[in-house]
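Now for the letters of each chain:
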Amino acid sequence: MLYSFGRLLVTLMLQVFYRKIYISNAHRIPKNKPVLLAANHPTGFIEPCIIACYLEQPLHFLVRGDMFVKPFYIRLMRSIHLLPLYRAKDRGLAFVKTNYETFEYCYQALNEKKTVLILAEGSAEHEKRLRSLKKGASRIAFGTLEKFPDLEDVYIVPVGVNYEYADQPRSKVMIDFGEPISARQFWERYQQNAASTSAEFTETLRQQMAERIVIIEKEEDEELTEYLLRLDRSQRPANFPKHAKTPLEAEKRVADTMNKMDAAAKNNLLSLVKSYFNHLQQLRITDRALMQKYNLPILNYVLLLLGLPFFLIGYLFNIPPVLLAKYIAKTRVKRIVFYASVWLAAALGAYFAYWLLWLIVLLVFTKPIYWLLLLVIPLLGVFAIRYKEFYKEKMEIARVKRLNRNEKENLLQQRQAIIDLFTIFQ
């Protein structure tokens, strides 16, 4: 019950925290079969939450064991299907021995045809690349077949988790599921040589995961690639169908093309894009605003005027827990990889407590008709977020419209020069 309730709350929070979450090819996950999902790990804890909330079947997932310290937290975590894995550097060798219990739990869960998620890189890093995989997926898959020799198979599904900006709210997330890998196809070789077969299996899994991830091969190319991705996003429709794979394919195409460029071309292109984006910043406009069409500006102003009272009410009533969550994330987080996770968790806890406070106040001091505010307050909060984004977009477009013809033509020529140079390498 706690898992279902928590899943509902987190799903609502995720839909507010992110502008869009794309889930593609979830139909590839076998139904009513032992399934081990193997995903990359770019944030502290968000990708397991997203996958758990957007899949139909309940999900059991492995997390860092240092979250499981006090008995209360251990019981709480297990009630929401979190399974601890301890590292010697975190809790010492004594705690590492308890990993055997976790693996046994995974074997049993898979034997019962449940779905287990493992973050195959073993640790979180805020970067757009796939690091070397740990042996956890191999150990669980083959360990299950050893313990339950009559089990038909264990299916390992590679998962690629991609964020536009992993540390920023109101960005977009793209998650893609690959074709399942059969553990049985490696089983005979594994019995003959466990070490080499485990390495072969892990490499197969790594290759399948890499096909679903935006990969910037060199750290020094991240700045250029992010500029190019921003240019590409401005040329795409703002919204895709919920389960469309198109945004991920587009992001991968940009990164893959950049990876193939030689150093001289990258330096030349970086100089052009930095000059272009600096020019945009000076004019207080964005590349997306420059590429937008100017339609019905009067109607936009009317909508902004009509929505202003609702925005102010929604903003004022919902801002306290948001500010508290930002403060907690800013003061408690030392590594950027955990910022979004802490921000999201703090916002969920703060808002739930805030909503309960309003519940008590309304129940004690008001008539039943005013209890509808419990529904209206969060809805107005969502409206305030959308209104603010709409306002910012329309103001940027208005600034573009006020540019003189020569200024705008200069910007478009700079932009086209970048596109032409980049296109040569596609």
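Below you will find a few notes about this structure.

### Brief notes about the pattern of salt bridges
Taken as a whole and judged by the stated rule, the model has 24 salt bridges. The residue Glu127 makes a salt bridge to Arg129 at a minimum N-O spacing of 3.0 Å. Using a relative accessible area of 23% as the deciding quantity, one classes Glu127 as partly exposed. For Arg129, a relative accessible area of 14% puts it in the buried group. Lys394 is the salt-bridge partner of Glu393, the closest N and O atoms lying 3.8 Å from each other. Of the residues examined, Glu393 reaches a relative accessible area of 31% and is grouped as partly exposed. Here Lys394 falls in the buried class, since its relative accessible area comes to 15%. When salt bridges with common partners are traced through the structure, they connect Glu121, Glu127, Arg129, Arg131 and Glu222 into a single cluster.

### Regarding helix α6 (residues 99-111)
Residue pairs spaced three or four apart in an α-helix point in one direction, given the helix's 3.6 residues per turn. In this model α6 runs 18 Å from its N-terminal to its C-terminal C-alpha over 13 residues, within 8% of the 18 Å that 1.5 Å per residue would give. Where α6 is concerned, the buried positions are Asn99, Thr102, Phe103, Cys106, Tyr107, Ala109 and Leu110. End-on view of α6: buried residues confined to an arc of 165°, all on one side of the axis. Along α6, the residues that are exposed and aim more than 90 degrees away from the buried face are Tyr100 and Glu101. Directly beyond the C-terminal end of α6, a positive phi value near 65° is found at Lys113.

### Some details on the packing of aromatic side chains
Overall, the coordinates contain 19 aromatic pairs when judged by the stated rule. A centroid spacing of 6.2 Å and a plane angle of 40° characterise the contact between Tyr18 and Tyr163, whose relative ring orientation is tilted. Here Tyr18 is found in the loop between α1 (2-17) and β1 (20-24), whereas its partner Tyr163 is found in strand β6 (residues 155-163), with 145 residues between them in sequence. Judged by relative accessible area, Tyr163 falls into the buried class, the value being 6%. Among the aromatic residues, ring-to-ring pairing joins Phe142, Phe186, Trp187, Tyr190 and Phe201 into one connected group. We note Lys128 situated over the ring of Tyr165; from NZ or CZ to the ring centre the distance is 5.9 Å.

### A closer look at the side chain of Arg212
Residue placement: Arg212 occurs in the loop between α9 (194-210) and α10 (222-235). The class of Arg212 is buried, set by a relative accessible area of 7%. Excluding its chain neighbours within four sequence positions, the residues that come into contact with Arg212 are Arg28, Pro158, Gly160, Asn162, Asp176, Phe177, Gly178, Glu179, Leu248 and Lys252.

### A short note on the nonpolar core
Counting 44 residues, the largest nonpolar core has Leu14, Tyr18, Leu37, Ile50, Ile51, Ile175 and Phe177 as its most contacted members. When near neighbours in sequence (up to four residues on either side) are disregarded, Leu14 contacts Ile21, Ile46, Cys49, Ile50, Cys53 and Leu344. Residues Leu36, Ala141, Phe142 and Ala183 belong to the second largest nonpolar core, which totals 34 residues.

### Focus: the packing of helix α14 (residues 297-332) against helix α15 (residues 339-365)
Contact geometry of α14 with α15 gives a least axis separation of 8 Å together with a crossing angle of 145°. Crossing of α14 against α15: the hand is right-handed. Seen from α14, the contacting residues are Phe317, Asn318, Pro320, Pro321, Val322, Leu324, Ala325, Lys326, Ile328, Ala329 and Lys330; seen from α15, they are Tyr339, Val342, Trp343, Ala346, Ala347, Ala350, Tyr351, Tyr354 and Trp358.

### Notes on the side chain of Glu251
Checked against the element boundaries, Glu251 lands in helix α11 (residues 246-260). Here Arg233 takes part through its side chain, which lies 2.7 Å from a polar atom of the side chain of Glu251. For Glu251, the contacting residues outside a window of four places in its chain are Met174, Val214, Leu229, Arg233 and Arg236.

### So, the state of the cysteines
On inspection of all chains with the given rule, the structure shows 0 disulfides. Free of any disulfide, Cys49 has its nearest neighbouring cysteine sulfur in Cys53, separated by 6.4 Å. Take Cys106: it sits in no disulfide, and the sulfur closest to it among the cysteines is that of Cys49, at 17 Å.

About the thresholds
- Residues numbered from 1 in each chain as written.
- Predicted model: local features only at pLDDT ≥ 70, side-chain atom pairs only at ≥ 80, totals over all residues.
- Heavy atoms only, no water.
- Salt bridge = Lys/Arg side-chain N within 4 Å of Asp/Glu carboxyl O.
- Buried < 20%, exposed > 50% of the residue type's maximum accessible area, 1.4 Å probe, protein only.
- Helix = DSSP H or I, 4+ residues; strand = E, 2+ residues; numbered from the N terminus.
- Expected span 1.5 Å × (residues − 1).
- Arc of directions from axis to C-beta.
- Phe/Tyr/Trp six-rings, centres within 6.5 Å; stacked < 30°, edge-to-face > 60°.
- Lys NZ or Arg CZ within 6 Å of the ring centre and 35° of its normal.
- Contact = heavy atoms within 4.5 Å.
- Core = buried A, V, L, I, M, F, W, Y, C linked by side-chain atoms within 4.5 Å.
- Axes fitted to C-alpha atoms, helices over the stretch in contact; angles between N-to-C directions.
- Left-handed = near helix turned anticlockwise from the far one by under 90°.
- Polar contact = N/O pair within 3.5 Å; in protein donor to acceptor, adjacent residues only side chain to side chain.
- Disulfide = S-S within 2.5 Å.

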